[in-house]
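Here is how the chains run, residue by residue.
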Amino acid sequence: MNNIPVIAIDGPAASGKGTVAKGLAKALGFHYLESGALYRLVAFVAQRESIDPNDAPALAQVASALQIRFIEDQIFLSGQEVAEQLRVESIGNLASQIAAHPALRRALLERQRAFRAAPGLSCDGRDMGTVVFPDAALKVFYTARVEVRAERRLKQLKQKGLDANLADLSRDLAERDARDAARATAPLAAAADALILDASDLRVDQALDVLMRWARERQIGVTTTAPARGN
Ligand code: DC
C-alpha cells in the first residue's frame with residue numbers, strides 16, 4: 001500500500017494534458033512525470049540506431065538501458081539534452097507505433113512507478129490511471145476535439161519556426177489516437193473511475209481551476225496539520 005498521492009491525467013495527443021499536469025504539480029508542490037517522453041526517448045534511440053519498429057525485444061532492451069534525467073523542462077539522454085528533438089511529429093508517431101509492444105511497456109513500467117515520491121506525483125499519458133497507477137487518488141481523462149488539438153499543435157510548431165499544415169496535423173492526430181486506442185495492451189482509455197474533462201472550450205487557467213477543485217474535493221495536497229505561523 002502506497003500512501004503517496006498520484007494524480008493521473010490521461011488523454012489523446014495534443015489535448016494539453018501535459019500543460020495541466022505540470023500546472024497541478026507546480027501548484028501542489030508535487031513531482032511531475034510526462035510518461036510520453038519515455039516512449040519518445042525509446043523512439044528517438046530506435047530511429048538513431050535504425051532499430052526495426054517491429055523488433056520488440058530490441059526496443060525493450062533500449063527501454064531498459066535508457067540513461068535519463070529530467071531537470072525542469074530539460075530531458076537528458078546519456079548526458080545529452082534532447083527535449084526539443086523529442087517534440088517533432090515523426091518521433092511522436094513512431095512512439096505511438098512502438099508503444100503497442102507489451103515487452104516495451106513492461107520495460108518502462110517500474111521506471112514510471114519510481115517517480116512516485118513524497119509529497120505526491122502528477123503525471124500524464126495514456127495508461128496512468130488504468131495500468132501504471134491504478135490506485136491514483138485522482139484520475140482524469142483529459143480530452144479536446146481533434147480540430148482544437150490540431151490548431152494547438154500548429155501554433156506550437158509555428159512558434160518554433162517549424163513548417164506544418166492543419167489538414168496533415170488533424171489527420172496524423174486522428175491516426176495516432178486510433179492506434180493508441182486500438183492496441184491490445186494498455187490502450188488509450190478512460191479508467192472506469194476517471195472524471196472526464198473536455199477542455200475544447202476552456203483556457204488553461206479554467207481547466208486548471210476545475211482540476212484543482214477536484215483535487216481539493218479529494219483532499220489531495222492538503223496537509224492535515226495547520227502550518228506553523230510566524231508572529
Ligand atoms: O503523450 P505523447 O504524445 O508525448 O506520447 C507519444 C506516444 O507515446 C503516444 O502516441 C503513445 C505513447 N504513449 C503510451 O503509449 N503510453 C503513455 N503512457 C504515454 C505515451
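Computed from a prediction, not measured in an experiment: that's the story for all the values here.

(A) Spatial organisation of the overall build of the chain. A count of helices and strands for the chain gives 10 helices and 8 strands. Over its C-alpha trace the chain gives a radius of gyration of 18 Å, about what one expects of a compact globule, namely 17 Å for 231 residues. Contacts in the chain between residues at least 24 apart in sequence constitute 76% of all its contacts with a sequence separation of at least 6. Per element, the accessible surface of the chain, about 11700 Å² overall, is 52% carbon and sulfur. Looking at charge distribution, the chain has the averaged site of its 30 positive side-chain charges lying 4 Å from that of its 28 negative ones.

(B) Spotlight on the environment of Leu59. Tracing the backbone shows Leu59 in helix 3 (residues 56–65). For Leu59, a relative accessible area of 0% gives the class buried. Along the chain, Leu59 and Lys139 lie 80 residues apart, while their C-alpha atoms are 29 Å from each other. Contacts of Leu59, omitting those with residues within four sequence positions, involve Val42, Ala46, Ile51, Asp52, Pro53, Ile98, His101 and Leu104.

(C) Fine view of the packing of helix 1 (residues 17–28) against helix 10 (residues 204–217). At a minimum axis distance of 10 Å, the contact between helix 1 and helix 10 shows a crossing angle of 60 degrees. In terms of their interaxial angle, helix 1 and helix 10 are classed as oblique. In terms of crossing hand, the pair formed by helix 1 and helix 10 is right-handed. Contact with helix 1, carried on its side by Thr19, Val20, Gly23, Leu24, Ala27 and Leu28, involves Val204, Ala207, Leu208, Leu211 and Met212 of helix 10 and no other residues of that element. In terms of residue class, the contact of helix 1 with helix 10 is made up of 9 nonpolar, 2 polar and no charged.

(D) Structural context of the sheet that holds strand 7 (residues 138–143). Pairing is parallel in the open sheet, where 5 strands are placed in the order 2-6-1-7-8. Across the chains shown, the open sheet's two edge strands, defined by having one partner strand only, are strand 2 (31–34) and strand 8 (195–198). Going across the sheet, the axis of each strand differs from the next one's by a mean of 20 degrees, ignoring polarity. The pairing of strand 7 with strand 8 spans 4 bridges and is parallel.

(E) Expanded view of the pattern of salt bridges. Inspection of the entire model under this criterion finds 17 salt bridges. We note a salt bridge from Arg153 to Glu89, for which the minimum N-O separation is 2.9 Å. Residue Arg153 is found in helix 8 (residues 146–159), and its partner Glu89 is found in helix 5 (residues 89–98); the two are separated by 64 residues along the sequence. By relative accessible area, which is 12% here, Arg153 ends up buried.

(F) Seen up close, the site of the ligand. Around the ligand there are 16 residues in total, and Arg40, Arg105, Arg126, Asp127 and Asp180 lie nearest to it. At 2.9 Å from a nitrogen atom of the ligand is found a side-chain nitrogen or oxygen belonging to Asp127. One of the side-chain N or O atoms of Asp180 is found 2.7 Å from an oxygen atom in the ligand. In the complex, the protein chains occlude 97% of the 440 Å² of accessible area that the ligand would expose alone. Going through the elements one at a time, helix 2 (35–48), helix 5 and helix 9 (166–182) are the ones with two or more residues in the shell around the ligand. The dominant element in the shell around the ligand, judged by the number of residues it contributes, is helix 2, at 4 residues. Residue composition of the shell around the ligand, grouped by class: 4 nonpolar, 4 polar and 8 charged.

(G) Examining the nonpolar core more closely. Core analysis: the largest hydrophobic core is formed by 37 residues, its most contacted members being Leu41, Val42, Leu66, Ile75, Cys123 and Phe133. Among the elements that take part in this core, helix 2 stands out by supplying 9 residues, more than any other. Apart from residues no more than four positions distant in its own chain, Cys123 is found in contact with Val6, Ile7, Ala8, Ile9, Ala21, Leu33, Met128 and Phe133. By size, the runner-up hydrophobic cluster in this structure holds 21 residues, among which are Ile7, Leu28, Leu197 and Trp214.

The rules behind these values
Residues numbered from 1 in each chain as written. Predicted model: local features only at pLDDT ≥ 70, side-chain atom pairs only at ≥ 80, totals over all residues. Heavy atoms only, no water. Helix = DSSP H or I, 4+ residues; strand = E, 2+ residues; numbered from the N terminus. Rg over C-alpha atoms; globule rule 2.2 N^0.38 Å. Contact = heavy atoms within 4.5 Å. Areas by Shrake-Rupley, 256 points an atom, 1.4 Å probe, with all protein chains shown as cover. Lys, Arg positive; Asp, Glu negative; His and termini not counted. Charge placed at Lys NZ, Arg CZ, Asp CG, Glu CD. Buried < 20%, exposed > 50% of the residue type's maximum accessible area, 1.4 Å probe, protein only. Axes fitted to C-alpha atoms, helices over the stretch in contact; angles between N-to-C directions. Parallel < 35°, antiparallel > 145°, perpendicular 65-115°, else oblique. Left-handed = near helix turned anticlockwise from the far one by under 90°. Nonpolar A, V, L, I, M, F, W, Y, C, P; charged D, E, K, R; others polar. Pairing = 2+ DSSP bridges. Salt bridge = Lys/Arg side-chain N within 4 Å of Asp/Glu carboxyl O. Near = heavy atom within 4 Å. Polar contact = N/O pair within 3.5 Å; in protein donor to acceptor, adjacent residues only side chain to side chain. Core = buried A, V, L, I, M, F, W, Y, C linked by side-chain atoms within 4.5 Å.

Everything listed is a geometric property; what it means functionally is a separate question.
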